[in-house]
Amino acid sequence: MAGQGDRARGAAWQLLRAVLEDRQLLAEMEGEFGPLADLTPAERARAARLARMTLRHIDRADAVLKPHLRKAPPPPVRALLRLATVEMLQEAAAAHGAVNAAVALARADRRTGAMAGLVNAVLRKVAETPPAAWDALPPQRLPGWLRGRLDSAWGRAAVTGVEAAHAAGAPLDLTPRDGDADALADMVGGVALPTGSVRLHGAAQVSALPGYAEGAWWVQDAAAALPARLLAAKPGERVADLCAAPGGKTMQLAATGAQVTALDISEQRMARVEENLARTDLSADLVVADALTWAPPQPLDAILLDAPCSATGTIRRHPDLPFAKDGASIKPLFALQAQLLDRALDLLAPGGRLVFCTCSLLPEEGEKQVAAALDRHPGLSVRPADLPGIAPDWRDDLGGLRLRPDFWPDRGGMDGFYMACLVKSG
């Protein structure tokens, strides 16, 4: 029977092959029926970490492997070589263990068994790579369709900074239920961020952290916590969180004392919102419906629309996205975002406000959506973003916020987001 390490490596290999060969998303494979289903929680965590780590450093792995390969091996073998290379050079795993495990995996699969000798020979040479040579390699490049757009929008230096942030990965951020970031930082051993979140560096088992069982906080990237703060819901206001799952923003809104309706088109995803509300002892009306057709019983005072998007702002957390998506696959989202934005404005009472946001790096899903909405709706205006901890250069000319992974490099970065608070004419 394979050891725990080999089982985790084998599952990581399966995950990599599914992403690179079949363009599947890791999130779609980490459920009860995916490659991780038969693993222990520790094995599952290790397999997912190895797969994500490899995807973050594929370019670097390929640069190390290239001198030792006369021609490109078949995709399954190439994925295995990349996995073992990253494990040895990025994670500093013992070379003999990583090499032996990779050879055993190759032999056990009929499609790769004949190349087990190649795997052994190549990885033994890779193991001799000096750490300094690995560290000197540039970070993973964004795919061309995305890199070109971002280069045009912000320039090459910004793109390079974003790529470095992606390679570094993401720390764990928490949102305090009571808004007291300093107290929560003391409780969990983290650092209070200027915007009101708490950041932990290093590995942590979320459910074992102080305050988890009591619902004193929830996991939420510092950037993702800003749209609800920008909406600034007040006690008693009628507020809707459209596209609400997994519920971080819903909990923020509910904690203000507003009358919150959380809506999502997915019943399965809405179940997660219900679980999160129960753990934090917060309440909201939950509705499973399509935001394009749903209507509240009366006009709303405020709406938070976190619209479906390319999710390109979350690549540092989800390094599979550049391999599973392309420019063509995300274009239909642009039209959907405009439709949702128009529909949400129809649901607002006169003088009501709408925060439109996307976890995207693309101007087409942020700045351009808001500019087009202002053109379509006479009387619509942007309330300038004024929140604690906001740097002046995060604001754009429209009054919204453009956040990027390369911001806060000394603190560990943040997810890419765009958000703007739109006010309907009275």
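To start, this report covers the structure provided alongside it. (Residues numbered from 1 in each chain as written. Predicted model: local features only at pLDDT ≥ 70, side-chain atom pairs only at ≥ 80, totals over all residues. Heavy atoms only, no water.)

1. Section: the pairing of strand β9 (residues 348-358)
Part 1: Counting buried positions over the 11 residues of β9 gives 9, a clear majority of the element.
Part 2: Examined bridge by bridge, strand β8 (residues 300-306) and β9 share 6 bridges and lie parallel to one another. Following the sheet pairing, Leu305 is matched in β9 by Phe356.
Part 3: Sheet analysis places β9 next to strand β12 (residues 417-423), joined by 6 bridges and oriented antiparallel. By the bridge assignment for β12, Leu354 is matched with Leu422. (Buried < 20%, exposed > 50% of the residue type's maximum accessible area, 1.4 Å probe, protein only. Helix = DSSP H or I, 4+ residues; strand = E, 2+ residues; numbered from the N terminus. Pairing = 2+ DSSP bridges.)

2. Focus on the packing of aromatic side chains
Each pair of aromatic rings is reported with the distance of its centres and the angle of its planes.
Part 1: Overall, the coordinates contain 3 aromatic pairs when judged by the stated rule.
Part 2: Each ring, one from Tyr212 and one from Trp217, has its centre 5.7 Å from the other, and the planes form 55 degrees; the classification is tilted.
Part 3: Exposure remark for Tyr212: the relative accessible area of 27% places this residue in the partly exposed category.
Part 4: Relative accessible area serves as the criterion here: at 0%, Trp217 is assigned to the buried category.
Part 5: A ring pair is formed by Trp394 and Trp408, whose centres lie 5.6 Å apart and whose planes are at 70 degrees; its orientation type is edge-to-face. Of this pair, Trp394 sits in the loop between β10 (381-383) and β11 (401-403) while Trp408 sits in the loop between β11 and β12, placing them 14 residues apart in sequence. With respect to burial, Trp394 and Trp408 carry one shared label: buried.
Part 6: Feature note: the residues Trp394, Phe407 and Trp408 constitute an aromatic cluster, connected by ring pairs.
Part 7: Cation over ring: Arg17 sits above Trp13, and NZ or CZ is 4.6 Å from the ring centre.
Part 8: In this arrangement the basic side chain of Arg279 is found over the ring face of Trp217, its NZ or CZ atom lying 5.7 Å from the centre. (Phe/Tyr/Trp six-rings, centres within 6.5 Å; stacked < 30°, edge-to-face > 60°. Lys NZ or Arg CZ within 6 Å of the ring centre and 35° of its normal.)

3. Quick look at unusual backbone geometry
Part 1: Of note, the bond from Ala245 into Pro246 is cis; its omega dihedral lies within 30 degrees of zero at 5 degrees.
Part 2: With respect to the helices and strands, the residue Pro246 is situated in the loop between β5 (238-242) and α13 (248-254).
Part 3: For Ala92, which is not glycine, the phi dihedral falls at a positive 60 degrees.
Part 4: Along the chain, Ala92 turns up in the loop between α5 (75-89) and α6 (95-108).
Part 5: A relative accessible area of 62% means that Ala92 is categorised as exposed.
Part 6: A positive phi angle, near 55 degrees, is found at Cys243, a position not held by glycine.

Geometric descriptors of this kind do not, in isolation, establish any biological role.
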